[in-house]
Every structure is written in structure tokens, then in C-alpha cells.
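# Breakdown of the fold
As a plain string of letters, each chain reads:
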Amino acid sequence: MLKNYLLVALRNLKKNKTFSGINILGLALGLACSLLIFLWVNDERNMDKFNKNSAQLYSVYERQYYDNKIDAFHSTPGIMADEMKKVLPEVKYASGFAWNDLSTFQSGDKIIKEKGNHAGADFFKMFSYKLLYGKAETALDAPLKIAISRKFANDFFGSPAAAFGKTIRYANSKDLTISAVFENVPENASYKFDYLASWQAFLEEQSWAKQWGNNGPQTLLMLRADADPLAFEKKIVHFLDKYNKEQDKSFRIELGIQRFDDMYLHSHFSASGRIEGGRIEYVRLFSLVAIFILIIACINFMNLTTARSIKRAKEIGIRKVVGAYRFALIRQFIGEAVLLTAIAMVFAIILVALLLPSFNHLTQKEIAFPSNNPVFWIGMFALIVVTGFISGSYPALFLSSFNPVIVLKGSLKLSSGSALFRKGLVVFQFALSIILIVGTIVVSKQTKFIQTTNLGYDRVNLIYIPLEGDLTKHYTQLKERAINMPGIKFVSRISQTPTVIDNGTGGVQWDGKDPNTKPMFTQAAVGYDFTKTMNMQMVMGRDYSKDFPTDSVGYILNEQALKKIGYKDPIGKPLTFWDKKGTIIGVVKDFHFNSLHVPVNALVMRLGETDDYGSVLVKTQPGQTKQAIASLEKLCKELNPKFPFTYEFSDEEYSKLYKSEEMTGKLADCFAFLAIFISCLGLLGLAMFTAEQKTKEIGIRKVLGASIPSLFVLLSREFLLFVIIGMLIASPIAWYAMQQWLEEYAYKINLSWWMFVIAGLAALFIALVTVSLQAIRAAVASPAKSLRTE
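Everything quoted here is computed from the prediction, not taken from an experiment.

Of note, T476 is situated in helix 15 (residues 475–482). Taking C-alpha positions, T476 is 9.0 Å from T610, a pair spaced 134 residues apart along the chain.

The structure is reproduced here in C-alpha cells:
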């Protein structure tokens, strides 16, 4: 029986090569797209799942209540991890964790920058990073110890074995003993680093982190196996009340915890301070897109199979006459659909293997084809069965319902109900495609808006050079010499790069301030000529200048800070910052110093010419950037010989903030093209079948004098109507979906009617071209040949 079904199925494939090819191509493209998205989604969901203690690992976050709003983040006091382990019995291990630094190391003549972090003594006991040499208990238990990766060891010593136990010079300031060598951090780890220095060293270097009122590092906890996370979270809500004495009615802090392996996908906080959204939105979005495209491919199969059902009517009639039950026919047709899906899957897997390198480049991942993973192949088998069943179910029920008496009399006509269902499927297919096209247009416009929006400063030809080593004490000399070099326009400095300034403070006082409130400000230390270097617009007052010695206690505000303080004529008015009394010397027009996802915050800038950290800002002349960089490299090597010269472009750093949007835009382009292409494959098949069914009618109309344009309209108008109806259905759905997506941005484009019109016209034009190929071919055919056909 199975052999017979297989032979019949193969015979039908061979007999109807064109339609079988369209079906297989549509399914193969749909499956290939779904597979790629499945691999990406699986990789995203697998992030940080390698830790054996995942169920017990948590990160502590703060909810700060002030200015009638709530801010939530994972920054905490640097001494909180050790204190929590000490006083909370539910905590088994705890570790502080700072932020990645690109630090300079030296061994012999080798001077190399490596990316790493600082972590507590418990870190390797909490997380499952494989130690090649050393012990988890002692790897980071002293200030002068460091753990390095295999890559780090190979860079300096040639092998992990040769590195273990050696000393290495750190930031040209101290020698550290390599107490452990760990395997390179796995790809499915969200935190990437090649070294970890001790937490004791971090607290010595960053004395501010010892204060309960200052935030910055993360606090990572491993709870005991018998601890209840929900009960523990309730217990620590007011943990800081005992330690942070700055809290009052106008400013208070609550604590919460989040599973560590959830943080990568659920990284955003809502306005109420609750965990809400993040990369999980992209996972859901593309999972939905994969389902959409697979549905479109399945609709193609249903439409083409039911449309051509009349060609198999006699076969079905004879089978029923000789005793075939309806269930047997249903089983046969679903079996044929599964076979076709299996063939399409073979092509899909080949396509995925070929496209995976390009897909990895696009998504910035290193996804490997899971050919050795039995779970993957089980999943592929399940996908074949499910897809085959879905795409073959309606055709099987429809074909098996034919009355054998009517069929064998030759008087079978397809019911209006089946035709209506097919038309509905085509409309649904194009509605999904138009939704994807609208999404592509909106994402593209928002991405372009991000790239071209006026940030309030000029990021073009702006370079950042980290202040490290001897550059901190030679900054004044660096500026004086650099400003006279060819290609260099201005030089200044800043405590954090202008693309991300996130240091907050409540230590701002002014005349008339309500003593019962504690508003928060963002703060930055800048150098002389800062606003000129950044090409910012001064609303009032002036920039910092050496001509005014009192500028050491002078402050520059942005418009949001001025609005919060409330001065009407601010220049010269008193302002106290961190207990340093001074005056406001200038107000700068608001500029974006964070992602466009968040609104511009109130910013206070102070003079930081003598600070021992931050970045040098260099504005180069247009077209002379290379010459300027060469001169700067030579100068920095002279002033800071123990550190390699490194620099970053401001526009490149800004672009890094929107890698997810850029990837989404490119993927949306690809998927929208695939969706419309698969839809048009089905449309082409239906147009071919319609033309074939109307061969005699077309011949008669031509004999009676019908023109080619009128025949073209006859064959194509119905299909174009499907697209128009699909556009009307898709537009409100697409508007709602895109409006929700744009809500993530504080600064965004407005949805316009023309976006939906362009999407509809694009689908209409592509459909018209697709149908035209077959309609014109049928319209110009010889009527003599057409009439002889039947």
C-alpha cells in the first residue's frame, strides 16, 4: 500500500513538473527561512545557559524613586555583594562585577591591550567557566592576583601552562600574579572577557565604590539550593535602608533580583521599575516572522493543490468505485504533502548550510550548523510532518470529498465555496506580506532617523583617545602640542565618552531648592574648549576658559537641568555641586548623551582638567583625519611609551548603540522580500492554472474580436483585487504593530499614510508583473491552437 502511494506521488510530481517545482521552491524557501530564524532564536535563548548553577544565580537591581518617577538598573554599591553574603543566610556566594575595560599589559617586550573586568573571590565558584590551571577558591582571593583566558595566555606566553604562576605588568602600575587560566569564554556567554582582576584591587583603585551612596558595579548572588527566590526578594526590598543614609521622603531605593540567565533577553525596565522587554522582543518578532513565512508557503501548497484538483478527479473517482475509503484517500494526499515537504526540506537544509556564513555575518554571531545534534534532526522531522500535515490537510479533505458518480460522468465543477476559500488564502497571504513590507519601511526610516538626527553635537571627524598611563599627567602638554599639528582643529576632554554619559548624582544644591526633595542629575567632567570641540550651541553664557581662574567651581548646565533648577536668569547664579560652591557660567542646548531610546536627562558639567581618567576629544579638519591620527600616534607614543596608541571614532561608537536596530532592518528586508517572492510563486501558479482553464474561452473571445489588453484585464483583475483587499486588511494591523515597536524610542519617526500606500503599491506592482507574464502569454496565443486544445 505504502509503495503504491509512493509511486502515485512520484508519478504526479513527474507529470506536473512546473507546479511541483513551484510548490517545492516555495516550501523550500519558507522552510529555509524558518530554519535560519530557529537557529538564531535557539542561540539567543541559549545565552548564559551553560552555567550549572543557573537556577541559583541572580543579579541585584535597584529601583530608585525620585522626581515623581522610577529608574531601575543593575548598578549597585561596590561593597554590597560582600555585605549581603555576610548578613543574609540565603546567600551562598556573592561577587561584585564591574564593567569591561581595555587595559594595557606588559610582559618583557610585549605590550598588548586586553579586554577584561574585575570580579569577587567567589566568582569562579558561582559560574561554570572552565579553569585550565588554578583553583576557583584561590583564583581571585588577593589584590595582586589575576585570572586570564587561554587567548590571553597564548598572546603573552605561548600557552596556558607557560602562563600559570607568572607575573605580568598591569597598566604600568603594578605586577600581578597569574593565579588561574580559564578556557576562552564560550560564545553563548553574554559577558565576554579575557582577564578578571580581583575585587579588592577594584575597591582600592575606585575608592568611591566603597560608599553606600554610590552605584556602578553589579552585585551577583548565588542563593542556597533551599532558598526561595521570591521570599528572598521580598526580604531585601529595603535592604539599603540601613546603609544608605541619603534616603528620605523624596528619594528612596528598593532592591529586586533577576535570574542571571534571564538578563540577556529581558534587559529593559518599564516606567514602573519592573523588568519588561529587551532582546526578547526581537526573538518574539522573528519567531512570528518565521511562522508567517511558513504559513505563506503552506498557503501556496493548498492553493495550487486544490486549484488543480480537477486534474485528479478521475483518479479519485476510480479509487472510490473500487472500494477506497475516504480516510485512505486523506492519508494518501497528506502522505503526498509530507513527501513534497521532505523533498523541500532537503533543499532547505542545503540552502541553510550555504547561507549560514552570510547570516552569521549579518547577525554578528557564530552559529554552527547542528549536524551532530540529534535533537535538531528530531526537530526537522517534526517540522516536516507538521508542515506537510498543515499544507496537505485542506487539499486532502477537499479532494477526498468528490462524488465518484459526478466525477466519472465528467460533470465535476469546483464549488464556489472552495474557490472562495482559495481566494481567502491568497488575500491572507498578501496581507502577511504587506505587513512585513510596512515593517521593513518603518524600521528602515527609524534607523535612518537615528543615523541622521541632530544629536546637539557634531560627531563627524571627532576622535576619542583614552586617558591612561602618563597621558593623565601630560594631558596639558598633549593638548598644547596637538592643537598646532596639521589637521587638528580643537582638543578637549571628558570623563565619559559623549555617546554614553550615565554617571548620576543627587549632590546638587541651589538657592530656592525645596529641602524636602532630592532631584537627580547626570554629571560629567569636561575640559577647556569642550563646547567648541563638540560644536555645541550655547544658549546662554560661555564655555570653560583659562582666562577665568574661577572656572574650577563654574558649572555648565543643559536646558533640562536649567528647567529642573528653575533659574530665570542663570548666569552667575550660585550652584553647589558635591559641596563645592560655585556659579553657573553657561547653558548649553540639550544634546543626546545616551541612546535615543531614553529622553535627554538633566546634565551638570564641571571642569575636570586635572582628573586622572576619561578621554581626550580631538576634532579634526575635514579630509585630514588620517594625517591627524598619524601625528597623534607619534605624540602619544612619545608622552606615553608604555601604552599602545588606541582611538575610537565618535560616529562608529554611536552606531554601536543601534546594532540591534541595524540587524533588524537588514533581516526585515530579507524576510519581506522572501515573503513577497513566495506569495508571487503561488500567484504565478494560480495564474497559470487559470489561463489553462480558460484556454477555450480565450480562444473564442479572440475569434469574436477581443483585444489583447481586454484579455489581459480578464486574466489579471481578480488577482490584483486580492492584493488590494490584502492591503486593506494589513494596514491597520501593521499600523498597530509598528506603533508598539516605536514606543520603545523616546525620539522616533511618525507613522505616515504614504508608508502603507508604498507597501501596497509595491505588492500590487510585483503581483501585476507576476500575473502579467502568464496573462500576456495566454492572451497572445493563437486562437486556432486554443480551440483545438479542447
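Moving on from the model shown.
Attention now moves to the pattern of salt bridges. Throughout the structure, instances matching the rule amount to 28 salt bridges. For K49, the salt bridge is made with D261, and the minimal N-O distance between the two is 3.4 Å. Of this pair, K49 sits in the loop between helix 2 (17–45) and strand 1 (57–66) while D261 sits in the loop between strand 12 (252–259) and helix 9 (280–307), and the two are 212 residues apart along the sequence. When the shortest N-O distance is used, the salt bridge between E281 and R284 registers 3.4 Å.

A word on the side chain of T522. By the element assignment, T522 lies in strand 17 (residues 521–526). In this structure T522 comes out as buried when scored by relative accessible area, which is 7%. With residues near it in sequence (within four places) discarded, T522 still touches I501, D502, N503, G504, F593, N601, A602, L603 and V604.

Along the chain, T472 turns up in the loop between strand 13 (462–466) and helix 15. Judged by its relative accessible area of 24%, T472 falls in the partly exposed class. Filtering out sequence-adjacent residues up to four positions away, T472 remains in contact with L467, D612 and Y613. There is a polar contact of 2.9 Å between the side chain of T472 and the backbone oxygen of G469.

Right, let's get into the state of the cysteines. All told, the structure shown has zero disulfides when counted by the stated rule. Between C670, a free cysteine, and C33, which holds the nearest cysteine sulfur, the sulfur-to-sulfur gap is 8.9 Å.

Here the focus is the pairing of strand 1. Burial analysis of strand 1 places ten of its ten residues in the buried class, the great majority of the element. Of the two faces of strand 1, both are covered, the one formed by L57, S59, Y61, R63 and Y65 as well as the one formed by Y58, V60, E62, Q64 and Y66. Both strand 1 and strand 11 (residues 218–223) contribute to a ladder of four bridges, which runs antiparallel. Within strand 11, the residue paired with Y58 across the bridge is L221.

Okay, the packing of helix 15 against helix 18 (residues 625–639) next. As a packed pair, helix 15 and helix 18 sit with axes 11 Å apart at the nearest point and diverge in direction by 150°. Put simply, helix 15 runs roughly antiparallel to helix 18. In the packing of helix 15 onto helix 18, the handedness of the crossing is right-handed. Residue-level inspection shows Q477, L478, R481 and A482 of helix 15 in contact with helix 18, the latter providing L632, L635, C636, E638 and L639. Split into classes, the residues belonging to the contact of helix 15 with helix 18 amount to six nonpolar, one polar and two charged.

Quick notes on the rules
Residues numbered from 1 in each chain as written. Predicted model: local features only at pLDDT ≥ 70, side-chain atom pairs only at ≥ 80, totals over all residues. Heavy atoms only, no water. Helix = DSSP H or I, 4+ residues; strand = E, 2+ residues; numbered from the N terminus. Salt bridge = Lys/Arg side-chain N within 4 Å of Asp/Glu carboxyl O. Buried < 20%, exposed > 50% of the residue type's maximum accessible area, 1.4 Å probe, protein only. Contact = heavy atoms within 4.5 Å. Polar contact = N/O pair within 3.5 Å; in protein donor to acceptor, adjacent residues only side chain to side chain. Disulfide = S-S within 2.5 Å. Pairing = 2+ DSSP bridges. Axes fitted to C-alpha atoms, helices over the stretch in contact; angles between N-to-C directions. Parallel < 35°, antiparallel > 145°, perpendicular 65-115°, else oblique. Left-handed = near helix turned anticlockwise from the far one by under 90°. Nonpolar A, V, L, I, M, F, W, Y, C, P; charged D, E, K, R; others polar.

Read these as layout, nothing more, since geometry by itself doesn't imply function.
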